[in-house]
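This is what each chain is made of:
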Amino acid sequence: MSAGHGQHTHAHGHHHGHRHAHGHGVTAAPHSDGHARGEAASARRLLIALAILGTFTLVEAVGGYFANSLALLAEAAHMLADCGSLVLAVFAIRVGQRPASAQRTYGHRRYQPLAAFVNGQLLLLLTLWVVYEAVLRLMHVPAVDGRLMLAIALLGGVANLAAFIALSGSQSLNERGARAHVMSDLLGSVAASLAALLILFMGWRIADPLLSLLVSVLIFRSAWALIRESADVLLESAPARFDVTRVETVLIGHVPGLASVHHVHVWSMTGERPTVTLHARLEAGTPPQPVLTAIHARLEQHLHVEHCTVQIEDGDCATPDCGPERS
């Protein structure tokens, strides 16, 4: 098969090693048994964490009310928001498993970074609420039951630690977002425990709102990082720590018959493995199929590319906005 000037040959390589050649304008959703198994395991971890956090959210809410502790009430609200985010995360995985369609040719996996983005927004709103309540309590410091506060905070810490362990092995942006929620919950439990100890042994009632402010800073950092990373995925930025120039370095001089590559675009569907499109100019008389096979193999092996589309050219680039070639 040959590709003359202006003809497009697209090939898609998947992480399980299959390579398909498609005509121009046809694309395939990169999905495999490996993806399905990974997403099923991710959903199980999220459901386990949801069961743990859901159980202890009510405990902390009731305990915070009777102890009159803002740190505990803030932690209960935080855990409630986390339960909602975990439900959203599981929903995103379930929806993401739907097959591709004519309208959504890449499938529905983008729901995962979208869910992570929403989770970050929820964390920011929660931070604002905690800061507002803490400022009010700094102005009028109420009495707090330190013993009950300490007992509930310790129980919440155990629950958050169990949920955090349940989410170990998280890889997807969606699941890492849920883990960031649980980590901030765990920090909140530690802060509440410390505040309770200061109230019990030092009589510092002001420790309750002060430690709540400290927790709000930690929550804000997690939320901002999550929003920034998920927004990069939704805006189709190159994945973090991925050097786009390596695409050319990995290919040029290593693929026989490949003269140059240009119009290189790199993004990711879910924030995990990169997706690449590029134009490849061949040396005169070079058959395209071996070059396509070699390009996919090297990108998968060296850069862990999940999905690749290659436009073969044996002359000048006919795409108006493809820009200058790199030799």
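Rules and cut-offs
Residues numbered from 1 in each chain as written. Predicted model: local features only at pLDDT ≥ 70, side-chain atom pairs only at ≥ 80, totals over all residues. Heavy atoms only, no water. 1 Å grid on protein atoms, 1.4 Å probe; cavity = no way out; pocket = protein on both sides within 12 Å on 5 of 7 lines; lining within 4 Å. Points joined across faces, edges and corners; volume = space filled by probe spheres on them. Helix = DSSP H or I, 4+ residues; strand = E, 2+ residues; numbered from the N terminus. Nonpolar A, V, L, I, M, F, W, Y, C, P; charged D, E, K, R; others polar. Buried < 20%, exposed > 50% of the residue type's maximum accessible area, 1.4 Å probe, protein only. Right-handed = clockwise from strand over helix to strand, strands pointing away. Salt bridge = Lys/Arg side-chain N within 4 Å of Asp/Glu carboxyl O. Core = buried A, V, L, I, M, F, W, Y, C linked by side-chain atoms within 4.5 Å. Contact = heavy atoms within 4.5 Å. Phe/Tyr/Trp six-rings, centres within 6.5 Å; stacked < 30°, edge-to-face > 60°. Expected span 1.5 Å × (residues − 1). Patch = residues over 30% accessible without salt bridge, like charges linked within 9 Å, V, L, I, M, F, W, Y side chains within 5 Å. Areas by Shrake-Rupley, 256 points an atom, 1.4 Å probe, with all protein chains shown as cover.

> I would appreciate a short explanation of empty space enclosed by the protein in the present structure.
Taken as a whole, this structure holds one cavity of 30 Å³ or more when the rule is applied. Quantified by volume, the largest cavity comes out at close to 80 Å³. Lining the largest cavity, in full, are A71, A74, E75, H78, V130, G188, A191, A192, S212, V215 and I219. Of all the secondary-structure elements, those providing two or more residues to the lining of the largest cavity are helix 2 (70-96), helix 5 (173-202) and helix 6 (207-234). If you tally residues by element for the lining of the largest cavity, the top one is helix 2, at four residues. Grouping the constituent residues of the lining of the largest cavity by class yields seven nonpolar, three polar and one charged.

> Sorry, what's going on with the pairing of strand 5 (residues 307-313) here?
On a regular strand, one side chain projects to one face of the sheet and the next to the other, so that they alternate. Along strand 5, seven of the seven residues are buried, which leaves the element largely enclosed by surrounding structure. The alternating pattern of strand 5 places H307, T309, Q311 and E313 and C308, V310 and I312 on opposite faces, both of which are buried. The parallel pair strand 4 (residues 274-282) and strand 5, bridged by helix 8 (residues 288-303), forms a crossover whose chirality is right-handed.

> I tried to follow the pattern of salt bridges on my own but got confused; where do I start?
Note on pairing: side chains with opposite charge can pair once their charged atoms come close. Scanning all chains against the criterion turns up two salt bridges. Between E236 and R110 there is a salt bridge, and its shortest N-O distance comes to 3.9 Å. Placement of E236 in the loop between helix 6 and helix 7 (245-251) and of R110 in the loop between helix 2 and helix 3 (111-139) is noted, with a sequence separation of 126 residues between them. Taking relative accessible area as the criterion, E236 reaches 45% and is therefore assigned partly exposed.

> So what exactly am I meant to see when it comes to the nonpolar core here?
It is characteristic of soluble globular proteins that their nonpolar side chains tend to be buried jointly. In terms of nonpolar packing, the biggest core is built from 21 residues, with V247, L251, L258, L278, I295, L299 and V310 touching the most fellow members. When contributions to this core are tallied by element, the ones reaching two or more residues are helix 7, strand 3 (258-268), strand 4, helix 8 and strand 5. Per element, the largest residue contribution to this core is five residues, and it comes from helix 8. Those residues in contact with L299 that sit more than four places away from it in its chain are V247, L251, V276, L278, H304, V305 and C308. Within the second largest apolar cluster, 19 residues are counted, among which are L72, L123, L150 and A191.

> Hey, could you run me through the packing of aromatic side chains in this one?
Any two aromatic rings considered together are summarised by their centre-to-centre distance and by the angle between their planes. Using the criterion set out here, one finds two aromatic pairs in the structure. Ring centres of Y65 and F66 lie 5.3 Å apart, and the angle between their planes is 80°; on these two criteria the pair is classed as edge-to-face. For the pair formed by Y65 and F66, the shared burial category is exposed. When the centroid spacing of 6.4 Å and the interplanar angle of 10° are considered together, the rings of F220 and W224 count as stacked. Of this pair, F220 and W224 are both found in helix 6, four residues apart, which corresponds to roughly one turn of the helix.

> I would appreciate a short explanation of helix 6 in the present structure.
Counting along an α-helix, one turn takes 3.6 residues, and residues three or four places apart therefore face a common direction. Compared with an ideal rise of 1.5 Å per residue, which puts 28 residues at 40 Å, helix 6 spans 40 Å between its outermost C-alpha atoms and is within 8% of the ideal. Of the residues flanking the end of helix 6, it is E236, one or two places downstream, whose phi is positive at about 60°.

> Sorry if this is basic, but what is going on with the layout of surface pockets here?
Any empty space left between atoms is shown by rolling a water-sized probe over those atoms. Reported here for the largest pocket is a volume of approximately 380 Å³. The wall of the largest pocket is formed by 17 residues, among which P239, A240, R241, G271 and E272 lie closest to the centre. In the lining of the largest pocket, the residues fall into seven nonpolar, five polar and five charged.

> It is not clear to me how unusual backbone geometry should be interpreted in this structure. Could you clarify?
The bulk of non-glycine residues show a negative phi, and the bulk of peptide bonds are trans. Backbone geometry places E236, a non-glycine residue, at a positive phi of 60°. Within the chain, H304 stands out as a residue other than glycine whose phi angle is a positive 55°. Within the secondary structure, H304 sits in the loop between helix 8 and strand 5.

> Hey, could you run me through a nonpolar patch on the surface in this one?
Taken together, the side chains of L138, L197, L200, F201, M202, W204, I206 and L210 define a hydrophobic patch exposed on the protein surface, amounting to about 750 Å² of accessible area. With four residues, the top contributor of residues to the nonpolar patch is helix 5. Mapping W204 onto the fold places it in the loop between helix 5 and helix 6.

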